[in-house]
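# Report on the structure
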Amino acid sequence: MIYAMSDIHGCIAPLNAALETVNLRDGRSKLILLGDYCDRGPDSLQVYERIMRLQEEYPGQVVALRGNHEEMLLEYCDMVADPDYARAWMLADSGLATTKSFLGAKAFQQVVHMLKLRRFEDAYRFSVERMKADHADILSWIRGLPYYYETPTQVFVHAGIDEDAGDLWMIGTPPEYFTAMMPDYVGRHFDLDVIAGHIATETISGIPSYRGIWHDGASHYYVDGNVVENGHVLVLRYDEATGRYSGEGLE
Ligand SMILES: [Mn+2]
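Worth saying up front: this structure is predicted, and the values here are computed from it rather than measured.

Distances from the manganese ion to its protein donors, Asp36 (OD), Asn68 (OD1), His158 (NE2) and His198 (ND1), fall within 2.1 to 2.3 Å. With a relative accessible area of 1%, Asp36 lands in the buried category. A relative accessible area of 23% means that His198 is categorised as partly exposed.

Now the structure itself:
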């Protein structure tokens, strides 16, 4: 069995609930996580730690891909010498949820204090320094995350691939497309099934009340269930023996 889920966004309880439905004990099944583990929800640090632990527990069975929120987190850590990033950093991390989770209560109080004094650049530098000092292992793990995972019939990716490049999608897709491209190929056939997150299924389906995994009737499966709003992480299952997909929203 291959399981896939995406866009955990700092929501540890829904992640744990979703993991209850995943069985990796046969030593062969795989869990593919499609990225965007941080931001928005309160527990980004715990989500990263949980996934890293799972990889240790089930070596070779848990694949974690990178999303645009991982790209942003690394970018903000790398751009700390650039004062222009101080504002961008605060705006991107809404409510500073990720910073709060990585720093812990005491250091975060210092950040809040600096922000109240409008010392934006100091707050930015301090936060990144703390993250680098206390969580270098997580940052270096994020830095190593791949953009996609392939099987003979599928590609798992955070946002999408350049399907116009055909067989050469792997080199034809610019890195930023893997994590942030718009869903341009909905309803179109591609030689591989494309399993992606990044955009909530209530958006991509065009049905505001939609809550399940969404299949476009062609080659695309979308699994981002908008956990921050709905409190729930969707789990797609693919049975390699039958070639069938199942999960909420699919019959
Ligand atoms: Mn995303």
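Right, picking up where we left off after that structure.
Each assigned domain of the protein chain is listed here: domain 1 (2-67 + 145-246) and domain 2 (74-140). Each of domain 1 and domain 2 has a C-alpha centre, and these two points are 28 Å apart. Between domain 1 and domain 2, the buried area comes to about 800 Å², and carbon and sulfur atoms account for 63% of it. At the junction of domain 1 with domain 2, the criterion picks out four residue pairs in polar contact (both at pLDDT 80 or more). Looking at side-chain class alone, the side of domain 1 that touches domain 2 contains five nonpolar, three polar and five charged residues.

A few words on the pattern of salt bridges. For the structure on display, the rule yields seven salt bridges. Salt-bridge contacts for Arg188 lead to Asp164; the nearest nitrogen and oxygen are separated by 3.0 Å. Remark: Asp164 occurs in the loop between β5 (154-157) and α9 (169-172) and Arg188 occurs in the loop between α10 (175-180) and β6 (193-200); sequence separation between them is 24 residues. Since its relative accessible area comes to 58%, Asp164 is described here as exposed. Through salt bridges with shared partners, a single network forms among Arg119, Asp122 and Arg125.

A cluster of nonpolar residues, Leu168, Met170 and Ile171, forms a patch on the protein surface that exposes about 330 Å² of accessible area. Classification of Met170 by relative accessible area gives partly exposed; the value is 35%.

Using the criterion set out here, one finds 13 aromatic pairs in the structure. Aromatic side chains Trp89 and Tyr124 sit 5.5 Å apart centroid to centroid with 40° between the ring planes, which places their arrangement in the tilted category. Of the two residues, Trp89 sits in helix α4 (residues 85-92) while Tyr124 sits in helix α7 (residues 120-134), which places them 35 residues apart along the sequence. Note on Trp89: relative accessible area 5%, which makes it buried.

As for its placement among the helices and strands, Thr201 is situated in helix α11 (residues 201-204). At 2.7 Å, the side chain of Thr201 and the backbone oxygen of Gly212 are in polar contact. Residues within four places of Thr201 in sequence aside, it is in contact with Tyr210, Arg211, Gly212, Ile213, Trp214, Tyr222, Val223, Asp224 and Leu234.

The next subject is the pairing of strand β4 (residues 148-151). With four bridges connecting them, β4 and β5 associate as antiparallel partners. By the bridge assignment, Glu150 is partnered in β5 with Val155. Between β4 and β5, which follow one another and run antiparallel, lie two residues.

Its location among the elements puts Glu229 in helix α12 (residues 227-230). Taking C-alpha positions, Glu229 is 32 Å from Thr151, a pair spaced 78 residues apart along the chain.

This brings us to the sheet that holds strand β2 (residues 30-33). Reading across from one edge, β3-β2-β1-β9-β10 is the order of the five strands in this open sheet, with mixed pairing throughout. The open sheet is flanked by β3 (62-64) and β10 (244-246), the only strands paired with a single partner. Across the sheet, the mean angle separating the axes of adjacent strands is 20° when strand polarity is ignored. Where strand β1 (residues 2-5) lies against β2, four bridges are found, and the strand directions are parallel. Counterpart to Ile2 in the pairing with β2 is Lys30. Across the sheet, helix α2 (residues 44-57) is in contact with β2 and β3; its angle to β3 comes to roughly 145°.

Calculation notes
Residues numbered from 1 in each chain as written. Predicted model: local features only at pLDDT ≥ 70, side-chain atom pairs only at ≥ 80, totals over all residues. Heavy atoms only, no water. Donors = N, O, S within 2.8 Å, 3.2 Å for Na, K, Ca; no water. Buried < 20%, exposed > 50% of the residue type's maximum accessible area, 1.4 Å probe, protein only. Domains from an automatic or database assignment. Buried area = accessible area lost by both parts, 1.4 Å probe. Polar contact = N/O pair within 3.5 Å; in protein donor to acceptor, adjacent residues only side chain to side chain. Nonpolar A, V, L, I, M, F, W, Y, C, P; charged D, E, K, R; others polar. Salt bridge = Lys/Arg side-chain N within 4 Å of Asp/Glu carboxyl O. Helix = DSSP H or I, 4+ residues; strand = E, 2+ residues; numbered from the N terminus. Patch = residues over 30% accessible without salt bridge, like charges linked within 9 Å, V, L, I, M, F, W, Y side chains within 5 Å. Areas by Shrake-Rupley, 256 points an atom, 1.4 Å probe, with all protein chains shown as cover. Phe/Tyr/Trp six-rings, centres within 6.5 Å; stacked < 30°, edge-to-face > 60°. Contact = heavy atoms within 4.5 Å. Pairing = 2+ DSSP bridges. Axes fitted to C-alpha atoms, helices over the stretch in contact; angles between N-to-C directions.

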